[in-house]
Protein chains: 2
Amino acid sequence: MAPRKEQQIFQATLELLTVRGYEGLTIEGVAERSGVNKTTIYRWWPSKAALLAAALIQADLLLFDPPDTGTLRGDLEELVRGMAALLTASPTSDVAVATLGAAVHHPELATAVRRFFTDRFAREEAVFARARRRGELPETADPLLIVDLLGGAVWIRAIFRGLPLDDDFAAHAVSAVLDGVTGKR
Amino acid sequence: MAPRKEQQIFQATLELLTVRGYEGLTIEGVAERSGVNKTTIYRWWPSKAALLAAALIQADLLLFDPPDTGTLRGDLEELVRGMAALLTASPTSDVAVATLGAAVHHPELATAVRRFFTDRFAREEAVFARARRRGELPETADPLLIVDLLGGAVWIRAIFRGLPLDDDFAAHAVSAVLDGVTGKR
């Protein structure tokens, strides 16, 4: 169930967040920008944190389908390339950076961010389930650790270090985690 | 060269940042809190971004000596434990989160953050130089990738997911990167 013009509402929410920051994000502003009555928006999402949580998970802009290339290596490289694109291309990088930057000061937004990460991981698990069926990954491997190592490296490199992610980054990062860096095999 | 009471100035800078955010951080506020004349502070650091950059790298609170346990595995586990402690214990986690959260909106602060990460990596390189001398790491291995995978996983787990880092986290994360997760050796 969703209100009509749901995607317009989500898009207005993410645009406002990017332009004005979380402090400047209001249901009234979203109503004005999306052309939807504010009482309609309040009926579906009781607060701006709830609205933003929904937008992060359901907006077309941030739509995420886990890759299915036929191999775990190929799927993880696609995941890394997808995260790199999200964090380096406009407007998604602005959305991600505005959301995650503000989350550190707003506990209710931090809850929305946690829900976003949980939702992403639930979808990413399909990649690991298929890898196990193909015999590519032992039962003892920890998928959450794998996605946090890879996603974390993208985040630090692109956002904190402000360095470009070259074409080989995905292959190198995935090889480090799948094969290990000691080169002893 | 440094002014007298340098550490008091740095501590006041980090405290003010944590309490009032980057917007509320001022040289005047630091002068008041540290008991140092503001013209003295301005003589050494011409802007609050410059002052914060110096504090991030030189404050005793964030002091960092690379571990030297005798093995690459031991050193990397110590590095991960150190990052986990930094990001989960007060007041360093508040400093880190306030700095990195604000950096996404303030380019001059982003420069300070980049300098902080560059400084850390320059110190961490000693760990990898020793590992190569001991024959633990091939020449082709990429130390920056290794520290970004490990540091990124700590950041995502502790800050974005808000999940605890259990006692085994360091050993598991380091094993993933050194040995690979496919368990094929």
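Residues numbered from 1 in each chain as written. Chains lettered and ligands numbered in written order. Predicted model: local features only at pLDDT ≥ 70, side-chain atom pairs only at ≥ 80, totals over all residues. Heavy atoms only, no water.

(A) Here's a closer look at the packing of aromatic side chains. The tally for this structure, following the rule as stated, stands at 12 aromatic pairs over all chains. When the ring of Trp-155 of chain A is compared with that of Phe-160 of chain B, the centres are 5.0 Å apart and the planes differ by 90°; the resulting orientation is edge-to-face. Of this pair, Trp-155 of chain A sits in helix α8 (residues 143–160) while Phe-160 of chain B is found in helix α8 (residues 143–160), placing the two residues in two different chains. One exposure class covers both Trp-155 of chain A and Phe-160 of chain B, and it is buried. Ring centres of Phe-116 of chain B and Phe-117 of chain B lie 5.6 Å apart, and the angle between their planes is 90°; this geometry places the pair in the edge-to-face category. For Phe-117 of chain B, a relative accessible area of 13% corresponds to the buried category. Within the aromatic cluster, the residues linked to one another by ring pairs are Phe-116, Phe-117, Trp-155 and Phe-160 of chain A together with Phe-116, Phe-117, Trp-155 and Phe-160 of chain B. A cation over a ring is seen here: Lys-48 of chain B above Tyr-22 of chain B, with NZ or CZ 4.3 Å from the ring centre. (Phe/Tyr/Trp six-rings, centres within 6.5 Å; stacked < 30°, edge-to-face > 60°. Helix = DSSP H or I, 4+ residues; strand = E, 2+ residues; numbered from the N terminus. Buried < 20%, exposed > 50% of the residue type's maximum accessible area, 1.4 Å probe, protein only. Lys NZ or Arg CZ within 6 Å of the ring centre and 35° of its normal.)

(B) Region of the structure containing the environment of Thr-111 of chain A. Residue and element names in this part refer to chain A. Considering the arrangement of structural elements, one finds Thr-111 in helix α7 (residues 107–133). Note on Thr-111: relative accessible area 36%, which makes it partly exposed. Counting along the chain gives 47 residues from Thr-111 to Ala-158, while the straight-line C-alpha distance between them is 24 Å.

(C) Quick look at the interface of chain A and chain B. At the interface, 46 residues of chain A touch 46 residues of chain B. Taking both sides of the interface into account, the surface hidden between chain A and chain B amounts to around 3900 Å²; carbon and sulfur atoms contribute 67%. On the chain A side of the interface with chain B, the three residues burying the most area are Phe-160, Arg-161 and Val-181 of chain A, jointly 19% of the side's total. The interface formed by chain A and chain B contains 4 salt bridges. Linking Asp-148 of chain B and Arg-161 of chain A is a salt bridge whose minimum nitrogen-to-oxygen distance equals 2.7 Å. (Contact = heavy atoms within 4.5 Å. Buried area = accessible area lost by both parts, 1.4 Å probe. Salt bridge = Lys/Arg side-chain N within 4 Å of Asp/Glu carboxyl O.)

(D) Structural view of the pattern of salt bridges. Enumeration according to the criterion identifies 24 salt bridges over all chains in this entry. Its salt-bridge partner being Asp-148 of chain B, residue Arg-157 of chain A comes within 2.8 Å of it at the nearest N-O pair. One end of the pair, Arg-157 of chain A, is in helix α8; the other, Asp-148 of chain B, is in helix α8, on a second chain. One exposure class covers both Arg-157 of chain A and Asp-148 of chain B, and it is buried. Here Lys-38 of chain B and Glu-28 of chain B are joined by a salt bridge, their closest N and O atoms 3.6 Å apart. A residue pair is termed long-range when its members are at least 10 positions apart, and Lys-38 of chain B in helix α3 (residues 38–44) and Glu-28 of chain B in helix α2 (residues 27–34) qualify at 10 residues. The class for Lys-38 of chain B is partly exposed, based on a relative accessible area of 38%. Among the ionic contacts, a cluster of salt bridges with common partners joins Asp-68, Asp-75 and Arg-130 of chain A.

(E) Main features of the relation of the copies chain A and chain B. Between chain A and chain B, which share one sequence, the superposing operator has a rotation angle of 180° and an axial displacement of 0.0 Å; the RMSD is 0.0 Å. One copy is carried onto the other by what is essentially a two-fold rotation axis. Interface overlap between copies: 100% of the residues of chain A at the interface are likewise at the interface in chain B, consistent with a symmetric, same-surface contact. (Least-squares fit on C-alpha atoms with pLDDT ≥ 70 in both.)

(F) Up close: the side chain of Ser-93 of chain A. Residue and element names in this part refer to chain A. Relative to the assigned elements, Ser-93 resides in helix α6 (residues 92–103). Exposure remark for Ser-93: the relative accessible area of 11% places this residue in the buried category. Aside from chain neighbours lying at most four places away, what touches Ser-93 is Leu-86, Leu-87 and Thr-88.

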